[in-house]
Amino acid sequence: MAADKPPGQPRVEAPPGAVRTTSWRPKFHYELIDCGLRGHELLGTDVARIRPADELVVREPGDGLRWHRCLRCDSWVPLPPPESPSAEHLADRSEIQLPLRGRPLRDRYVLRLIALDRLVHFLVLGGLAVLVFLFVAKRTAYSDTFYRVLDAVQGALGGPEGFRGGGLVREVMRAFTAQSSTLYLIGLALAGYAVLEGVEAVGLWLGKRWAEYLTLVATALLLIPEVYELTGRITVTKIITLVINLAVVAYLLFAKRLFGLRGGGRVEAEAHQRDTGWQALERSAPSVRPSEA
């Protein structure tokens, strides 16, 4: 939203959190969240002098303080000049790496949330794969003990003695009687799937474009068995899993413009530059010094 300006002056964008929302839906200002977690991104805290060309990000109005503009959330922070500066003046703009802000910053939070979901999958599937391999190696030693314990538990709970149970009992008994080659294939499949989820998690956390494509394809393929599962027994867990994966696919396709949708990678790169480059700082820069406001 743009702030009101006097006639003849350009309109500037309001900084994050400056305009109170009137909607019932909360608006997340990711710039403020990031600054709250990481601290402000300030320039000129270690330079000897401030030049007129630096007033976009740091100003020295002559009251003994310097006003530093956060490159992320646009807050102005007053600090005293450094006693032992390490540089004469600010570096050129080409040498300064600007932090994420705007939609690219929001996308980083969403991608890292998906990455955490994939990390959970990696840990669970990896743990299951290890258990399967350990089970194959030790099941002969554990089989007699397992059958005795299972028979005692069923009898204590009023169930049938012997091994005529069903459900989970039947599935566990199948595992003890299955061929080792079958169990090794199951373990390898679980391990391979865990590696895939781990690669997705790392790539998404780092914001890599290839990881977005990999996650989209892998998640879309999983939708087929998930929808098929709903044709049988419907559970809350199945519905929640399906909704999450549908949301991931929709977000990656439309918000991240994969496979050329909505302009593709070119438009995505332009939007990234528009929201995080020096032009974004200039659009939201105040026309008066902080001491004059």
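Predicted model only: the values in this text are computed from it and were never measured. All residue numbers here refer to positions counted from 1 along the written sequence of the relevant chain. Local features in this predicted model are restricted to residues whose pLDDT is 70 or higher, and side-chain atom pairs enter the listing and the counts only when it is 80 or higher, whereas totals over whole chains, interfaces and linings include all residues. As a rule here, side-chain values cover all heavy atoms of the structure and leave hydrogens and water aside.

Caption draft 1: A look at the side chain of Asp74. What counts as a helix is a DSSP run of H or I of at least four residues, what counts as a strand is a run of E of at least two, and both are numbered from the N terminus. Mapped onto the fold, Asp74 is located in the loop between strand S4 (66-69) and strand S5 (76-79). Here a polar contact means two N or O atoms within 3.5 Å. Within protein one must be a hydrogen donor candidate and the other an acceptor candidate, and residues neighboring in sequence count only if both atoms are side-chain atoms. At 3.0 Å, the side chain of Asp74 and the side chain of Ser284 are in polar contact. Contacts are assigned to residue pairs with any non-hydrogen atoms lying within 4.5 Å of each other. Asp74 has contacts with Pro15, Pro16, Arg69, Arg101, Leu281 and Ser284, leaving out every residue within four places of it along the chain.

Caption draft 2: Focus on the layout of surface pockets. Within this model, the second largest pocket holds a volume of roughly 310 Å³. If you go around the second largest pocket, you meet 19 residues; those closest to its centre are Gly207, Glu212, Lys256, Glu268 and His272. Of all elements in the fold, only helix H2 (103-156), helix H4 (180-205), helix H5 (209-230) and helix H7 (264-276) reach the threshold of two or more residues within the lining of the second largest pocket. The greatest single-element share of the lining of the second largest pocket, amounting to 6 residues, is contributed by H2. Points on a 1 Å grid over protein atoms alone make up a cavity when a 1.4 Å probe fits among them but cannot get out, and a pocket when they form an open set with protein on both sides within 12 Å along at least five of seven lines; lining residues each have an atom within 4 Å of a point. Grid points are joined across faces, edges and corners, and a volume is the space filled by probe spheres set on the points.

Caption draft 3: Structural context of the pattern of salt bridges. Take a side-chain nitrogen of Lys or Arg and a carboxyl oxygen of Asp or Glu: if they are within 4 Å of each other, that pair is a salt bridge. Counted according to the given criterion, the structure contains 23 salt bridges. Of the charged contacts in the structure, one is a salt bridge between Asp34 and Arg38, with a shortest N-O distance of 3.3 Å. In this pair, Asp34 and Arg38 are both assigned in helix H1 (residues 30-38), 4 residues apart and thus about one turn of the helix distant. Note on classification: 1.4 Å probe, protein chains only; a residue is buried when its accessible area is under 20% of the maximum for its type, exposed when over 50%, partly exposed between these limits. We classify Asp34 as buried; its relative accessible area is 3%. Of the charged contacts, one joins Arg103 and Glu268 as a salt bridge, the two residues approaching to 3.4 Å between their closest N and O atoms. Taken as a pair, Arg103 in helix H2 and Glu268 in helix H7 lie far apart in primary sequence, 165 residues in all. Through salt bridges that share partners, Arg103, Arg106, Asp107, Arg209, Glu212, Lys256, Arg257 and Glu268 make up one connected network.

Caption draft 4: Representation of the side chain of Asn245 in the model. Residue placement: Asn245 occurs in helix H6 (residues 236-255). Setting aside anything within four residues of it in sequence, one finds Asn245 in contact with Arg118, Thr219, Leu223 and Glu226.

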